[in-house]
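The residues making up each chain are set out below.
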Amino acid sequence: MSLTILAIESSCDDTGVAIVRDGKDLLANVVSSQIQIHQKFGGVVPEVASREHLTYINRLIDKALEEAALSYQDIDLVAVTYGPGLVGALLVGVSTAKALAYAIKKPLLGIHHIEGHIYANFLAHPDIRLPALCLVVSGGHTNIIKINRHGEYLSLGQTRDDAAGEAFDKVARALGLPYPGGPEIDRLFKVGNPEAITFPIAKLDNPYDFSFSGLKSAVLNYLNQEKMKNRPIEVPDVAASFQMAVVKALCEKTFLALENEQMSTLLLAGGVAANSQLRESLAKGCAERGIQFYCPPMAYCTDNAAMIGAAAYYKAQAGQVSDLTLNAHAQLPFSTL
Ligand code: KG4
Ligand code: ZN
């Protein structure tokens with residue numbers, strides 16, 4: 001039987017509403033980005049984010065229904081991101097989803113944000129065969145995840161400190177680039193010299209774990225040293241060299257995990273999956289090793305509700321449902337996936 005899901009995402013600075021049928025047919029996908037508002041502060045201001053979500057969420061639900069040419073009665077299930085993320089921002093989505101599910105007398109399903117990112121892949125490629133390995137790289141997460149079957153995950157490695165996207169944003173800020181830093185650094189990578197400076201990659205006990213705070217400090221130290229020596233900073237070279245180091249660490253560990261786990265499918269997910277060098281390097285490395293590589297279209301890499309609707313479909317198929325006690329969890333652990 002066909003399942004039409006209205007999904008809501010409000011964990012950070014994007015308010016998203018999507019209507020997804022059977023985990024793959026996108027009937028509507030609307031996103032209201034707050035980037036311009038937070039840009040003047042150099043990063044996301046949680047209180048401002050919550051208020052913006054509140055302003056737009058109901059309008060976006062109306063817009064999504066209009067885009068899909070559906071009414072509330074056509075919705076079979078309401079899905080919502082309930083963590084991790086900014087608690088005030090999450091609360092707006094969770095409260096709205098609960099009220100909506102209650103009002104239209106339809107089931108509610110809470111989705112872990114990382115699971116949403118993973119399922120952005122299935123939205124575009126519902127034919128992906130499991131098991132597979134997934135590299136999740138976003139502003140808040142960096143994980144190498146083994147997906148045994150739908151809903152069964154094993155985290156092989158994660159970041160010990162900053163997430164990859166967070167490192168992009170912090171280094172960009174130090175270079176005087178606007179928020180969010182990832183797309184800016186990616187743009188400069190194309191004009192800078194990625195071999196101008198060799199930044200270090202952390203070695204850790206677990207070969208699949210990441211650490212980006214040392215790399216960030218190395219960039220900051222480099223900038224300070226150059227300033228003290230009164231030497232001009234070549235921003236594109238620093239940006240390109242930094243990106244080179246991040247992508248190298250992500251690729252090396254991912255290929256090691258693919259080899260050791262004898263996986264023949266790789267998925268890429270999260271906002272940093274929009275990075276052109278990362279996409280190209282993983283695609284090239286996978287082609288050389290005969291590994292199937294999938295990454296979501298650009299629009300579904302950064303936060304959106306379509307991916308939440310896709311994840312909810314597979315969870316609903318497995319008989320999972322939430323109730324009206326569902327709450328927002330800023331630190332929702334990976335184990336709850
Ligand atoms: O998934 P996402 O929208 O939000 C979180 O769940 O965190 O990811 C946002 C992150 C930001 O840190 C942003 O700088 C990064 O994704 N990002 C990129 C690129 N586009 C977005 N990082 C590197 N290269 C990009 N092209
Ligand atoms: Zn995200």
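Basis of the calculations
- Residues numbered from 1 in each chain as written.
- Chains lettered and ligands numbered in written order.
- Predicted model: local features only at pLDDT ≥ 70, side-chain atom pairs only at ≥ 80, totals over all residues.
- Heavy atoms only, no water.
- Helix = DSSP H or I, 4+ residues; strand = E, 2+ residues; numbered from the N terminus.
- Contact = heavy atoms within 4.5 Å.
- Expected span 1.5 Å × (residues − 1).
- Bend = angle between axes of the 7 residues up to and from the residue.
- Buried < 20%, exposed > 50% of the residue type's maximum accessible area, 1.4 Å probe, protein only.
- Donors = N, O, S within 2.8 Å, 3.2 Å for Na, K, Ca; no water.
- UniProt positions renumbered as here; feature names shortened; annotations may be inferred.
- Pairing = 2+ DSSP bridges.
- Axes fitted to C-alpha atoms, helices over the stretch in contact; angles between N-to-C directions.
- Near = heavy atom within 4 Å.
- Polar contact = N/O pair within 3.5 Å; in protein donor to acceptor, adjacent residues only side chain to side chain.
- Areas by Shrake-Rupley, 256 points an atom, 1.4 Å probe, with all protein chains shown as cover.

Some details on the environment of I118
Positionally, I118 belongs in helix α4 (residues 113–124). Spatially, the C-alpha atom of I118 lies 11 Å from that of A132, the residues being 14 residues apart in sequence. Ignoring sequence-local partners within four residues, the contact set of I118 consists of C134, V136, I145, I147, Y153, L267, A269 and L337.

Topic: helix α2 (residues 46–68)
Here α2 spans 31 Å end to end across 23 residues, near enough to the 33 Å set by a 1.5 Å rise per residue. The largest bend in α2 comes to about 35°, at Y56. When we look at burial in α2, the residues that qualify are A49, S50, E52, H53, I57, L60, I61, A64, L65 and A68. One or two positions beyond α2, positive phi appears at A69, with a value near 55°.

Overview of the coordination of the zinc ion (ligand 2)
For the zinc ion (ligand 2), the full set of protein donor atoms is H113 (NE2), H117 (NE2) and D303 (OD), and the range of their distances to it is 2.0 to 2.1 Å. Read N to C, the donor residues that coordinate the zinc ion (ligand 2) are spaced as H-x3-H-x185-D. Taken together, the residues H113 and H117, both in helix α4 and 4 residues apart, mark about one turn of the helix. No difference in accessibility class separates H113 from H117, as the two residues are buried.

Some thoughts on the UniProt feature "domain: Gcp-like" (unreviewed entry) in the protein
UniProt tags residues 26–309 as "domain: Gcp-like" (unreviewed entry). When the span residues 26–309 is considered, its composition is 49% helix and 17% strand, and the gap between its end C-alpha atoms is 9 Å.

What to know about the sheet that holds strand β5 (residues 108–112)
Strand order in the open sheet made by the 5 strands is β3-β2-β1-β4-β5, with mixed pairing throughout. At either margin of the open sheet sits one strand with a lone partner, and together these are β3 (25–33) and β5. When the angles between neighbouring strand axes are averaged without regard to direction, this sheet yields 20°. Note that strand β4 (residues 77–83) and β5 share 5 bridges and pair parallel. Looking at β5, one finds that V78 is bridged to L108. In the packing of α2 onto the sheet, contacts are made with β1 (4–9), β2 (14–21) and β3, and the angle to β3 comes to roughly 155°. Against the sheet, helix α10 (residues 306–317) contacts β1, β2, β3, β4 and β5, and its axis sits at roughly 130° relative to β1.

As for the site of ligand 1
Around ligand 1 lies a shell of 19 residues, among which G139, D169, G182, N275 and D303 are the nearest. Measuring from an oxygen atom of ligand 1, one finds a backbone N or O atom of G271 at 3.0 Å. Between an oxygen atom of ligand 1 and a main-chain N or O atom of D303, the distance comes to 3.0 Å. Coverage of ligand 1 by the protein amounts to 90% of the 560 Å² it exposes when considered alone. Listing elements by their share of the shell around ligand 1, those giving two or more residues are α4, α5 (164–174) and α6 (181–189). Here the shell around ligand 1 takes 4 residues from α6, the largest share from any one element.

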